[in-house]
Amino acid sequence: MNYQKLDASLAMALDEVENSDEASLVVFVHTNQPLDANAFAFLDSLHLSGFREGKDIFTATLSPNAISELSQQPWIKYLRLSQKLRLMNR
């Protein structure tokens, strides 16, 4: 795991997950550049979908194992945990 590519809240959330194979963390994936064919093949090997050509920021629900593998890819800029939204009372 490359912790330099993780934000602090994601690093803390990883410690709280019991099953490292369960996709339970909603993450923003920031890449250095739009993805190429090799990156798409890697994402497919992790059984991830929803990534599109020409984009450099994605959201995905990931397992700790997938986060670890993604963080080691040179085309990943950083990974950031999505914050839970709450309804505001008026």
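As shown above, the structure is provided for reference.
The paragraphs below set out a description of the structure included in this document. (Residues numbered from 1 in each chain as written. Predicted model: local features only at pLDDT ≥ 70, side-chain atom pairs only at ≥ 80, totals over all residues. Heavy atoms only, no water.)

**Brief notes about the packing of aromatic side chains**
For the structure shown, the criterion picks out one aromatic pair. Centroid distance Phe42 to Trp75: 6.0 Å. Interplanar angle 75°. Geometry classified as edge-to-face. Taken together, the positions of Phe42 in helix 2 (residues 37-45) and Trp75 in the loop between helix 3 (64-71) and strand 3 (76-81) put the pair 33 residues apart, joining distant regions of the chain. In this structure, Phe42 and Trp75 share a single accessibility class: buried. (Phe/Tyr/Trp six-rings, centres within 6.5 Å; stacked < 30°, edge-to-face > 60°. Helix = DSSP H or I, 4+ residues; strand = E, 2+ residues; numbered from the N terminus. Buried < 20%, exposed > 50% of the residue type's maximum accessible area, 1.4 Å probe, protein only.)

**With respect to the side chain of Lys5**
With respect to the secondary-structure elements, Lys5 resides in the segment before helix 1 (8-16). Side-chain polar atoms of Lys5 contact the backbone oxygen of Ile76, separated by 3.0 Å. When residues no more than four places from it in sequence are discounted, the contact partners of Lys5 are Ser71, Gln73, Pro74, Ile76, Lys77, Tyr78 and Leu79. (Polar contact = N/O pair within 3.5 Å; in protein donor to acceptor, adjacent residues only side chain to side chain. Contact = heavy atoms within 4.5 Å.)

**A few points about the sheet that holds strand 3**
Remark on secondary structure: sheet strands pair via backbone hydrogen bonds, oriented parallel or antiparallel. Spatially, three strands are ordered 2-1-3 in an open sheet, and the strand pairing comes out antiparallel. Only two strands of the sheet have a single neighbouring strand rather than two, namely strand 2 (57-62) and strand 3. Averaged over all pairs of adjacent strands, the angle between strand axes in this sheet comes to 30°, irrespective of strand direction. Sheet analysis places strand 1 (residues 25-31) next to strand 3, joined by five bridges and oriented antiparallel. Residue pairing across strands places Thr31 opposite Ile76, the latter belonging to strand 3. Its contacts with the sheet place helix 1 against strand 1 and strand 3, and it is angled at close to 65° to strand 3. (Pairing = 2+ DSSP bridges. Axes fitted to C-alpha atoms, helices over the stretch in contact; angles between N-to-C directions.)

**Looking at the pairing of strand 1**
The element strand 1 is largely enclosed, with a buried count of five among its seven residues. Alignment of strand 1 against strand 2, held across six bridges, turns out to be antiparallel. Residue pairing across strands places Val26 opposite Thr61, the latter belonging to strand 2.

**Quick look at helix 2**
Along helix 2, the residues that are buried comprise Ala39, Phe42 and Leu43. Looking straight down helix 2, one finds that the buried residues subtend no more than 100° of arc, so they occupy a single side. Opposite the buried face of helix 2, by more than 90 degrees, sit the exposed residues Ala37, Asn38 and Asp44. Next to the buried residues of helix 2 lie helix 3. In the segment just after helix 2, His47 is the residue with positive phi, at about 60°. (Arc of directions from axis to C-beta.)

**Re helix 1**
Because an α-helix packs 3.6 residues into every turn, residues spaced three or four apart end up facing the same way. Those residues of helix 1 that sit buried are Leu10, Ala13 and Leu14. Down the axis, helix 1 shows its buried residues gathered within 105° of arc, on one side only. In this structure, helix 1 carries Ala8, Met12, Asp15 and Glu16 as exposed residues pointing more than 90 degrees from its buried face. As for helix 1, its buried residues are in contact with strand 1, helix 3 and strand 3.

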